[in-house]
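The primary structure of each chain is shown beneath.
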Amino acid sequence: MQFGINAFVTDEGLRPGPLGKAVEERGFDALFLAEHSHIPVSRRTPYPGGGDLPNQYYRALDVFVSLTAAAMATTTLRLGTGVALVTQRDPISTAKEVASLDLVSDGRVIFGVGVGWNREEMENHGTDPATRGRLANERLEAMRQIWTNEQAEYHGEFVDFDPIYSWPKPVQRPHPPIYVGGGTAAFPRIAQLDAGWFPNTSSPEQLAPQITQLRETVGAHVPVTVGHIAPVRPELIEGYRELGVERVVFHVPASPEQSTFERLDLLAETVAQATPA
């Protein structure tokens, strides 16, 4: 089992290059960065975590610029979007960004995707929240066409373009691994895309029946990378290991340099205690 870090990179915290270097030096295999293009002043949509929306949501840097900076400061670290909000992204532009990052990082990209929760945010991008699932499916399928074909075209309900050329193609073949965020509603999308699952904040006890349901839906083994925000204990890590989870990703809040390093050191120590010799 591998271990990664999930974070917001903001203008008030540690820059993405030093963050990536610190994550890699402490033995973590991946860095996943969160994305929000903006936060609407209206707060009609409640924060899923409850209470006030944390300040880091308002100040997130562009995820692909940040991951490129992290790529240039590291050599082996996997670079993940955690998650890219494809319902708010043009598929042609996003396909090029993913492929370009995969090229400059020598094939280290993990493409985590989600449909989003902030209705006002997606509406500002022209997205109808009621149809965002179908929109996400089409945009992801269109991106796969762009990555895997010299001449790509797509004709759907929401995405429609005649044959195009688009380079570079990703280093990873046929394309970087896709991990779909969300709950059980995401399972049909995972099956359609032959993707992995990126659930958030589920305990091993909560996750066990969901993984069983997922593999029954897909009809095959599905790789699972789970995000974990709650306090990290060795017994939790062992619980994930027993479920066959491939990677656990620990959240690190956007913080100044020293606080971030201290949090990473603590997480690395806990992982070492829970890892068989």
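Small disclaimer: the values here were computed from a predicted structure and weren't measured.

*Asks:* Please give an account of the overall build of the protein that cites residues and values.
*Replies:* When you go through the protein residue by residue, the secondary structure sums to nine helices and ten strands. Compactness check: the protein gives a C-alpha radius of gyration of 18 Å against a globular reference of 19 Å for 277 residues, within 12% of the reference. Projected onto the principal axes, the alpha-carbon positions of the protein cover approximately 55 × 40 × 40 Å. Expressed as a percentage of its 277 residues, the buried residues of the protein come to 52%. Sequence separation of 24 or more characterises 71% of the internal contacts of the protein that already satisfy a separation of 6 or more. Here the protein has roughly 12,400 Å² of accessible surface; of this, 50% comes from carbon and sulfur atoms. A distance of 1 Å separates the average location of the 23 positive side-chain charges in the protein from that of its 34 negative side-chain charges.

*Asks:* Please provide a residue-by-residue account of helix α3 (residues 91-104), values included.
*Replies:* With 14 residues, α3 ought to run about 20 Å at 1.5 Å a step, and its terminal C-alpha atoms sit 20 Å apart, in line with that. All of the buried residues in α3 are P91, T94, A95, V98, A99, L101 and D102. The arc enclosing the buried residues of α3, seen along the axis, measures out at 160°, which places them on a common side. The inward-facing, buried residues of α3 contact α2 (63-72), β3 (78-85), β4 (109-114) and α5 (132-148). Sitting at the amino-terminal end of α3 is D90, which places a side-chain oxygen 3.1 Å from the backbone nitrogen of I92. Downstream of α3 by one or two residues, D106 has phi in the positive range, about 60°.

Basis of the calculations
Residues numbered from 1 in each chain as written. Predicted model: local features only at pLDDT ≥ 70, side-chain atom pairs only at ≥ 80, totals over all residues. Heavy atoms only, no water. Helix = DSSP H or I, 4+ residues; strand = E, 2+ residues; numbered from the N terminus. Rg over C-alpha atoms; globule rule 2.2 N^0.38 Å. Buried < 20%, exposed > 50% of the residue type's maximum accessible area, 1.4 Å probe, protein only. Contact = heavy atoms within 4.5 Å. Areas by Shrake-Rupley, 256 points an atom, 1.4 Å probe, with all protein chains shown as cover. Lys, Arg positive; Asp, Glu negative; His and termini not counted. Charge placed at Lys NZ, Arg CZ, Asp CG, Glu CD. Expected span 1.5 Å × (residues − 1). Arc of directions from axis to C-beta. Polar contact = N/O pair within 3.5 Å; in protein donor to acceptor, adjacent residues only side chain to side chain.

Remember that the coordinates give geometry; whether it matters functionally is a separate question.
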